[in-house]
Amino acid sequence: MLRTLVVLLVLANAAYFAWTQSYLAPLGMAPEDPTEPRRLQEQVNPTLVRLLNAASPPSAPASAPVAPATPSAPPSMPVATTSEPAPLPAACWRASGLTKAQARQLSTALGEVADLQGLWKMDELQTGGRWVVYMGKLSSDMMQRKKNELRAMKVDFREVRVPHLSPGLALGTYSSEAAAQQGLQDVMRKGVRTARVAQEREESTSHTLTLPAVTTPQHEQIQALLGDTILSACE
């Protein structure tokens, strides 16, 4: 039994070998031909086959649309502009202490120049008289002695600077003669014996020329009209 099985297996292997090697092809028993021509003949509609994961061929770059040429605008011509010159800086100038005659003369000269109208003004200043309780005129030694005596009596004093009273001492300053007489009585009660009332300054009238805001050329023009009267910058 076993021998028969072995014989069958050998025969079966021999037959399979002969079949795979196409030895039985003349008998119509041969395996399918795996070669390329046969496989291509058995394809069905091969042109319909499409690979889903195949790389797509590079596409030709799309040409950008060309905008129609537009005529270039002619260059714009610069517009001529007229600018006004910047105004010159202006400053205030003044001439003080003018007498009545000087003020009249300057006002006449400035009034005759049309370009200067509204650029100046003339003001009048009334200065009242001034009186003092006075000791003097004193020599240097007497001046020092009187100062020591006044300090001992606790009387205030100052040196007088006006020419017609200097060198001397003022023991009080007053706006009227009557007030100065009363001041004299006060210092005499403190022990002063050699003082008297004197007018330090007379009542006077002075004039001031003011140029509130004039340019340098205007200042030079006005200064030429004033002659010896010198303009000073306003404080």
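Residues numbered from 1 in each chain as written. Predicted model: local features only at pLDDT ≥ 70, side-chain atom pairs only at ≥ 80, totals over all residues. Heavy atoms only, no water.

Peer 1: How would you sum up the environment of T194? Please name residues and give values.
Peer 2: Relative to the assigned elements, T194 resides in the loop between α5 (177–189) and β6 (196–201). On a C-alpha basis, the gap between T194 and K146 in space is 10.0 Å, while along the polypeptide they are 48 residues apart. Excluding anything up to four places from it in sequence, T194 contacts Y134, M135 and K146. Of the polar contacts made by the side chain of T194, one reaches the side chain of K146; its length is 3.3 Å. (Helix = DSSP H or I, 4+ residues; strand = E, 2+ residues; numbered from the N terminus. Contact = heavy atoms within 4.5 Å. Polar contact = N/O pair within 3.5 Å; in protein donor to acceptor, adjacent residues only side chain to side chain.)

Peer 1: An account of the side chain of S206 is needed here, citing residue identities and associated values.
Peer 2: Along the chain, S206 turns up in strand β7 (residues 204–214). Setting aside its immediate chain neighbours within four residues, S206 contacts G97, L98, D123, E124 and L125.

Peer 1: Can you explain the sheet that holds strand β3 (residues 130–136)? Please cite residues and give values.
Peer 2: Strand order in the open sheet made by the four strands is β4-β5-β3-β6, with antiparallel pairing throughout. Both edges of this open sheet fall to β4 (158–160) and β6, since each of them pairs with a single strand only. Sheet twist, expressed as the average angle between the axes of neighbouring strands with direction ignored, equals 55°. Of the strands in this sheet, β3, β4 and β5 (168–174) touch helix α4 (residues 140–152), which is tilted by about 45° from β5. Here α5 sits on the sheet in contact with β3, β5 and β6, set at roughly 35° to β3. (Pairing = 2+ DSSP bridges. Axes fitted to C-alpha atoms, helices over the stretch in contact; angles between N-to-C directions.)

Peer 1: Quick rundown of the packing of helix α3 (residues 100–111) against helix α6 (residues 216–226)? Include the residues and the values.
Peer 2: Relative orientation of the contacting elements α3 and α6 amounts to 135°, with a least axis distance of 10 Å. On the basis of their axis angle, the class for α3 and α6 is oblique. In this structure, α3 meets α6 at a crossing whose hand is right-handed. Every residue of α6 that contacts α3 at L106, A109 and L110 is listed here: I222, L225 and L226. (Parallel < 35°, antiparallel > 145°, perpendicular 65-115°, else oblique. Left-handed = near helix turned anticlockwise from the far one by under 90°.)

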